[in-house]
Structures are given as structure tokens and as C-alpha cells.
Amino acid sequence: MSETAKITLQGQSYEFPVVTGTENEKAIDISKLRDQTGYITLDTGFKNTGATASQITFLDGEQGILKYRGYKIEELAEKSSFLEVAYLLIYGDLPTKDGLDKFQKRINKHTVIHEDMKKFFDAFPYTAHPMGQLASLVSSLSAFSPESFNTDASKEDNDLVVIKLLAKMPTIVSWIYKGALGRPFIYPKSKNDYITNFMHMTFGKVTEDVEFDPVVLDALDKLLILHADHEQNCSTSTVRIVGSSGANLYASISAGISALWGPSHGGANQAVIEMLEHIKNDGGDTEKWINKAKDKNDEFRLMGFGHRVYKNFDPRAKIIKKACDNVLEKLGINDPVLEIAKKLEEAALHDPYFVERKLYPNVDFYSGIIYRALGFPTEMFTVLFALGRLPGWIAQWLELRYNQEPIGRPRQVYTGKTERNYVDLDKR
Ligand code: ACO
């Protein structure tokens, strides 16, 4: 017999079906709750609300498990490339060698952005934050691809919109970096792979080919894989909810970029490095800062610590910590903030405040140290996160579209004033 959940309201019982996922996750399907009872559920921050049933990413926060389309993150980070993972997320299976070659070639055909878009880069002041620029530039891609507005587009037409976005994103990110420095833009090269092309446009030379250290290319590839999807997080939920109104892919991803920017989400990678620098310049007393993080009268939080769903450890943080040691050692870099990060982690992992609240380092705790070692300025860190998250956002947007999910529209419990009589302006 199928499992049900019984809810008793004012002495009357109602039964609701229980839905079980392929990894045995259970959910009570309350989609008919209001129709049958007149009640809604209240769940601020969606801590217990499943917004969709998805086939893309599985995450078990208690056990620290993360899988994309059934493949463990540890295995993907070790064996695959970012482009393979992008293909996996978007199309559902790992590509064959031939399939991957074709995917790369299709992407390389669209890496150049419309020359008119250069004017947008020129118009931003040097002080403009890269995330604000990225959100605007990705949204403005829709102006150059009006076919993206078609809500009834065939899979082939949608696929072209997807390929264009995957292809142009590294160009946009690199040019944001170049624009901030006031240096000439470097055009993509069709012979390069995805990561090399990005590095070529960011740190290469206009006049000649630069050979990049494989350690650097591997580290960036791995970081992007680790960020590629994370089921229904804040930015992905934003992409899905914007997409549910019928908004085009570029507008939906632009909204996701804005959501990612906040320091409680992707913006944490910038905030972590700023915090570590601050602690270093303050004398490096980690105990003082641990105590500040524990003090409820102090606004300070240990950035890069804690997660809404991981309550044991973040598997991505484990891989990144190892990669961080490896990259710094191979590149011969001695970054003093790494020592501070390790001391903070060590202290927090043994401190009852953090242990009781199950607060562990998240993906952002060590990623910034790697980005810095690769030569990126702090303000670019969250943009790199967005570059990595792009295939996940795309896969989630496509899933929503093909499943014809309804427009996202939560309800509320109203707690404001009840009806009042209007008082004329001269009588108030
Ligand atoms: N430092 C100190 N205390 C913390 C921290 C922290 N980083 N994170 C949570 N806590 C405490 C809270 O004060 C709260 O304590 P209380 O129960 O005594 O009131 C308890 O732990 C639970 O925290 P919540 O804020 O309720 O947890 P929530 O799931 O809503 O928030 C979040 C998760 C936003 C990630 C939070 O842990 C945080 O702000 N961390 C720092 C920012 C960060 O690193 N964000 C990146 C997340 S990963 C990502 O999005 C890519």
C-alpha cells in the first residue's frame, strides 16, 4: 500500500500522498492542501519545501554526498573535464569522445560576441562590480538573439540558445576583467578548448599564444566542475522561478547571477578572502575572530562556514582544500592567508558552538585562495563561480521548460493591518 501522510485540522483528518525519490528521499505532496482544507503551509526560507522533482543533481547534506546525474562529485572532479560535466548536466549522460568533440566545435563557433556589445563594456566605470556587469551583459545577449524569446521553441532551437550562452560566457567574463584594467580585449581562438580559451582571453597576449601551466588549467577546470550544479539553491531557484514566467534563458540566468552575488551565497568567496586579509592585517589572532563569530551581539560571521543543507561536511570543500594545497605547492606560492584559514578551520571544528550547529567549511572557504593563486583579483571570484554554475542553471531551466512546470507563485500569511478607513490628506 502506498504511504500517505495524515493531517488533522479542527478535528477533521485529511490524507496526502507521500512521494519517494530514487535515492529514497520522502516528501509529502501538499499540492491539494489548500483546495481540500483552506490551509497553506508556512516555511520562510523554504527550509522544508521541495519546489520541484528534478533528475539533475542529488545531494545528501547529512552524509555529505553530491552527485550530478548519478555520478559522484569526487569521481567527476578527478576524471572528467568541465565541458564533459556541462554536457552531462545539460543532456543527461556523459558524452562519447565524438560527442564531446562536436560539442566543443559547436561552442567554438559562437564564442565571439556581437561587436556592438563592446560599447556596453566601455560604458561601465572602472569601479563597476564584475557581478553587476555580468548580470547586465548576459541579459543583454537576448537583444542579439531574439529567437530566445520563443516560449514554444523546438529542442533544436533552444539548444542553439544554450550553446550560444555557454560559448559567450567565458568571453564576457574575460572582457569584464580586461575592461576593469583598461587593457585591450583579446578575441577567442577556435582551436582552443573551453578552459584554455578562457585563460587566453584573460591572461594571454594579443600578439602571440601563451602556453599556460597545466597545473593552472587543471585547477580552474576542477573548480568549475565543483561549482557546476547544486540543485535548488538560491540562484538556481531564482533561475527556475524567473523561467517559469516564460522569460527567456538569458534573462533567467541574469537573474540567477544577481542572486548568486549576495555574500550569503556565491559572494561568500570574495567575502572569505576579504575576511582572511582583514584578520591577517589585524595581527592574525584567530581566536579573537572565532569569539566574535560566536558572539550574538556581534554581526560578524565566519564567512565560508555553514550551509543550509550540508550538516556534516561539504564534499566540495574537502576536494578544494586538497587542490588548494596542491596548487600552491606546485606554483611555489606561500599565501599567508592559507595558514589563517587552516587555523580558523581547526579551531572551529573543535569548538562546541560550531560543532553543535553543524557548521563546517563550505565550497567558498578555500576556493578564493586558489583563484588568487591563479592570478584573479578578489572581485572576480564570484564571476568565476557563475561561470562554473552556468551549465547547472541551464540544465535546471531546460528541465523546468520541458516538464512544463507552472509559474512559481508562493503564497503568504498576511500579518499587516486589517481594513482601515482612508483619512483625507488635510486631516492627518
Ligand atoms: N558564523 C557564525 N555563526 C553561524 C554561521 C557562521 N558562518 N553560519 C550559521 N551560524 C549560526 C547562526 O547564527 C545560527 O545560530 P543560532 O541557532 O544560535 O541562532 C545557526 O548557526 C544556524 O544558522 P542559520 O543562519 O539559521 O542557517 P541558514 O541555513 O539559514 O544559513 C548560511 C546558511 C547562509 C550559509 C550561513 O551559514 C552563513 O551565513 N554562512 C556564512 C556565509 C557563507 O559562507 N555563505 C556561502 C554558503 S555556500 C554557497 O551558497 C555557495
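Everything quoted here is computed from the prediction, not taken from an experiment.

Section: the side chain of Thr236
Part 1: Position of Thr236 among the secondary structure elements: in helix 10 (residues 234-243).
Part 2: Sequence-distant contacts of Thr236, defined by excluding residues within four places in its chain, comprise Glu231, Arg389, Trp393 and Gln396.

Looking at unusual backbone geometry
Part 1: Residues other than glycine seldom take positive phi values, yet Gln10 does so here, at roughly 45 degrees.
Part 2: By the secondary structure assignment, Gln10 is in the loop between strand 1 (4-9) and strand 2 (12-20).

Comments concerning the packing of aromatic side chains
Part 1: The full count for this structure, using the stated rule, is 19 aromatic pairs.
Part 2: Judged by centre distance (5.4 Å) and plane angle (70 degrees), the rings of Tyr177 and Phe203 are edge-to-face. One end of the pair, Tyr177, is in helix 7 (residues 155-181); the other, Phe203, is in helix 8 (residues 194-203), and 26 residues separate them in sequence.
Part 3: Residue class for Tyr177 comes out buried when judged on its relative accessible area of 10%.
Part 4: The rings of Tyr177, Phe198, Phe203, Tyr371, Phe376 and Phe381 are connected pair by pair, giving a single aromatic cluster.
Part 5: Sitting over the ring of Tyr402, Lys155 keeps its end group 4.5 Å from the ring centre.
Part 6: Over the ring of Phe313 we find Lys318, and its NZ or CZ is 4.2 Å from the ring centre.

Points about the sheet that holds strand 5 (residues 65-68)
Part 1: The strand order across the open sheet built from 3 strands is 4-5-6, with neighbouring strands paired in antiparallel fashion. Strands at the two margins of the open sheet, each flanked by one partner only, are strand 4 (57-60) and strand 6 (71-72).
Part 2: Relative to strand 6, strand 5 runs antiparallel, the two being bridged by 2 bridges. Bridge assignment links Lys67 to a residue of strand 6, and that residue is Lys72.

What counts, and at which threshold
- Residues numbered from 1 in each chain as written.
- Predicted model: local features only at pLDDT ≥ 70, side-chain atom pairs only at ≥ 80, totals over all residues.
- Heavy atoms only, no water.
- Helix = DSSP H or I, 4+ residues; strand = E, 2+ residues; numbered from the N terminus.
- Contact = heavy atoms within 4.5 Å.
- Phe/Tyr/Trp six-rings, centres within 6.5 Å; stacked < 30°, edge-to-face > 60°.
- Buried < 20%, exposed > 50% of the residue type's maximum accessible area, 1.4 Å probe, protein only.
- Lys NZ or Arg CZ within 6 Å of the ring centre and 35° of its normal.
- Pairing = 2+ DSSP bridges.

Purely geometric stuff here, so don't read any function into it on its own.
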